[in-house]
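The residues making up each chain are set out below.
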Amino acid sequence: MESNTTSSDEQRYQVRRLEITDKNKGFMELLQQLTVCDSVTDEEFQKRFEELKSYGDDHVICVIEDLNLSKIVATGSVFIEKKFIRSCGKVGHIEDVVVDSGARGMQLGKKVAGFLVDHARLTGCYKVILDCSEDNRAFYEKCGFKKKEIQMVKYFI
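Just so it is clear, the structure is predicted and the values come from calculations on it, not from any experiment.

A. Up close: the overall build of the protein. What the protein contains, in helices and strands, is six helices and five strands. Across the protein, helices and strands are ordered from the amino to the carboxyl terminus as α-β-α-α-β-β-α-β-α-β-α. Relative to the globule expectation of 15 Å for 157 residues, the C-alpha radius of gyration of the protein, 16 Å, shows essentially globular dimensions. The buried share among the 157 residues of the protein stands at 35%.

Structure representation (structure tokens):
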């Protein structure tokens, strides 16, 4: 597989879990490029961060930081659903994958997806699933996903 990243890119972009200080590195602004994302106070961010952190490996948010800019340029999350089917199996659900508009085309989305898929695999999931727009289908197929069935939604707000 061909890669558009160089070793200097690999040193520049750090793939890791979300940290409490990432709010000050543009994490919330990045999410605004994905969907409706109202501003949150530092206190609200800290409260939600601590709640998610308490779930341990059952809810992981991956970020990629541009170390030259001290800016979060990509993110995504995976949460683990524990089931009764498949011998009390587990399923990973990938959500909220976004790459900053100024950092697209550098394979960062693939790195986020790979991090999340690896996490689901390592925690014992028998599959990992996600919903995406038709516009993003080709990207996820390049990441090894395939189209299966349909998505349904019911919004409460």
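B. Highlighting helix α5 (residues 108-122). With 15 residues, α5 extends 21 Å between its outermost C-alpha atoms, agreeing within 8% with the 21 Å of an ideal straight helix rising 1.5 Å per residue. Every buried residue of α5 is listed here: Leu108, Gly109, Val112, Ala113, Leu116, Val117, His119 and Ala120. Residues of α5 that are buried in the fold lie against β1 (13-17), β2 (59-66), β3 (71-82), β4 (90-99), β5 (127-130) and α6 (137-142). Of the residues flanking the end of α5, it is Gly124, one or two places downstream, whose phi is positive at about 90 degrees.

C. Just unusual backbone geometry, in detail. Phi is positive for Ser87, which is not a glycine, with a value near 55 degrees. One can find Ser87 in helix α4 (residues 85-88). Taking relative accessible area as the criterion, Ser87 reaches 74% and is therefore assigned exposed. Of note, the phi angle at Gln107 is positive, near 70 degrees, even though the residue is not glycine. Summarising the element assignment, Gln107 is placed in the loop between β4 and α5.

D. Representation of the side chain of Asp100 within the structure. With respect to the helices, strands and loops of the structure, Asp100 is situated in the loop between β4 and α5. A residue is classified by how much of its surface remains accessible, and Asp100, at 10% relative accessible area, is buried. A distance of 2.8 Å separates the side chain of Asp100 from the side chain of Gln33, its partner in a polar contact. If near-sequence neighbours (up to four positions away) are discounted, Asp100 is found in contact with Leu30, Gln33, Lys71 and Val73.

E. Examining the environment of Gly89 more closely. The topology assignment puts Gly89 in the loop between α4 and β4. Note on Gly89: relative accessible area 10%, which makes it buried. For the pair formed by Gly89 and Gly124, sequence separation is 35 residues and the distance between their alpha carbons is 7.8 Å. Those residues in contact with Gly89, other than ones at most four positions away along the chain, are Glu81, Lys82, Lys83 and Tyr126.

F. Structural view of helix α3 (residues 42-54). Along its 13 residues, α3 runs 18 Å from first to last C-alpha, staying within 8% of the 18 Å computed at 1.5 Å per residue. Taken as a whole, α3 has its buried residues at Phe45, Phe49 and Leu52. Taken around the axis of α3, the buried residues stretch over an arc of 70 degrees, which confines them to a single face. Summarising the geometry of α3, the exposed residues directed more than 90 degrees from the buried face are Glu43, Lys47 and Ser54.

G. The sheet that holds β3, seen in detail. Strand order in the open sheet made by the five strands is β1-β2-β3-β4-β5, with mixed pairing throughout. Each edge of the open sheet carries a strand with a single partner, namely β1 and β5. Neighbour-to-neighbour, the strand axes of the sheet open up by a mean angle of 20 degrees, direction not taken into account. By the bridge criterion, five bridges tie β1 to β2 in an arrangement that is antiparallel.

H. Broad picture of the environment of Tyr55. Its place among the elements puts Tyr55 in the loop between α3 and β2. When the C-alpha atoms of Tyr55 and Phe79 are compared, they prove to be 9.2 Å apart, with 24 residues separating the residues in sequence.

Cut-offs and rules
Each chain has its residues counted from 1, running along the sequence as written. Two thresholds apply to this predicted model, a pLDDT of at least 70 for residue-level local features and 80 or more for giving and counting side-chain atom pairs, whereas whole-chain, interface and lining totals are computed over all residues. Side-chain measures here rest on the full set of heavy atoms in the structure, leaving out hydrogens and waters. Put simply, DSSP marks the helices as runs of H or I at least four residues long and the strands as runs of E at least two long, and each gets a number from the N terminus on. For the radius of gyration, the atoms used are the C-alpha atoms, and the globule rule reads 2.2 Å times the number of residues raised to 0.38. Working definition: with a 1.4 Å probe on protein chains only, accessible area under 20% of the residue-type maximum means buried, over 50% means exposed, and in between means partly exposed. Each residue after the first adds 1.5 Å to the expected span of a helix. Residue contacts are defined here by distance: any two heavy atoms, one from each residue, within 4.5 Å place the two residues in contact. We define a polar contact as two N or O atoms separated by no more than 3.5 Å, with the added condition that, inside protein, one atom must be a possible hydrogen donor and the other a possible acceptor, whereas residues neighbouring each other in sequence contribute only through side-chain atom pairs. This arc corresponds to the set of directions leading from the helix axis out to the C-beta atoms. Two strands form a pair only when DSSP identifies at least two bridges running between them. Interaxial angle, 0 to 180 degrees, is taken between N-to-C directions of lines fitted to C-alpha atoms, where a helix line uses only the stretch in contact.

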